[in-house]
Amino acid sequence: MEQYTISEIARLFNVSTRTVRYYEELGLLSPVRKENGHRVYARKERTRLELIFRGKNFGFQLDEIKEMIVLFDQDRTGERQLKRTIQYGKEKLREVDARIDELNKLREDMTWYLESFVTKLKEGEKE
């Protein structure tokens, strides 16, 4: 059985031990405590951290990630989790599309200004 100390799991994901403890405080992780009080992280916790960081990479908030994780614990078929994940994913995709539209508009504006500046500079050189 795979087991990790808090330092090992933090190093594995290139985060601080404080970050790992924070996720535990939020209820995202539930490590087992040894008799000496040290945390032991099993494969399940490693998988959860992979999901947390993937979710964060896609722009999900920690409360959204937690909801998706908790849904799987409540329904081991994963159906409820998948339905909610799809819903969140569609919302996030709309946000990404809106941001792309904003960036495209910004690019158009910048291109127009740069072209007008170049034209102005050329006109000034002719004089």
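Just above, that's the structure.
Conventions we followed
Residues take numbers from 1 onward in each chain, read along the sequence in its written order. Local features in a predicted model are, by the rule used here, given only for residues with pLDDT of at least 70; side-chain atom pairs are given and counted only at 80 or more, and totals for whole chains, interfaces and linings are based on all residues. Side-chain calculation: all heavy atoms of the structure are included, whereas hydrogens and water are not. Between any two strands, at least two bridges found by DSSP are needed for them to pair. The helix count covers DSSP runs of H or I at least four residues long, the strand count covers runs of E at least two residues long, and both are numbered beginning at the N terminus. For this document, the term salt bridge refers to a Lys or Arg side-chain nitrogen within 4 Å of an Asp or Glu carboxyl oxygen. Partly exposed residues are those whose accessible area sits between 20% and 50% of the maximum for their type, while under 20% is buried and over 50% is exposed, using a 1.4 Å probe and protein chains only.

Chemist: What is the right way to look at the pairing of strand E3 (residues 39–42) in this model?
Modeler: Consecutive side chains of a regular strand alternate in pointing toward one face of the sheet and then the other. By the bridge criterion, two bridges tie strand E1 (residues 3–4) to E3 in an arrangement that is antiparallel. Within E3, the residue paired with tyrosine 4 across the bridge is tyrosine 41. Across two bridges, the pairing between strand E2 (residues 32–33) and E3 is antiparallel. Directly across from valine 32, in E3, lies its bridge partner valine 40. Once E2 ends, the chain turns through five residues before running back antiparallel as E3, passing glycine 37 with a positive phi of about 90°.

Chemist: How should the pattern of salt bridges be read in this particular structure?
Modeler: When charged atoms on two side chains of opposite charge get close, those side chains can pair. Evaluated as defined, the whole model comprises 11 salt bridges. Among the ionic pairs, glutamate 79 bridges to lysine 83, the shortest N-O distance being 3.1 Å. Here the residue glutamate 79 and the residue lysine 83 both occupy positions in helix H5 (residues 79–126), the gap between them amounting to four residues, near one helical turn. Overall, lysine 83 belongs to the exposed group, its relative accessible area being 53%. Arginine 99 is the salt-bridge partner of glutamate 102, the closest N and O atoms lying 3.1 Å from each other. Within this pair, glutamate 102 and its partner arginine 99 are both found in helix H5, separated by three residues, close to a single helical turn. Using a relative accessible area of 45% as the deciding quantity, one classes arginine 99 as partly exposed.

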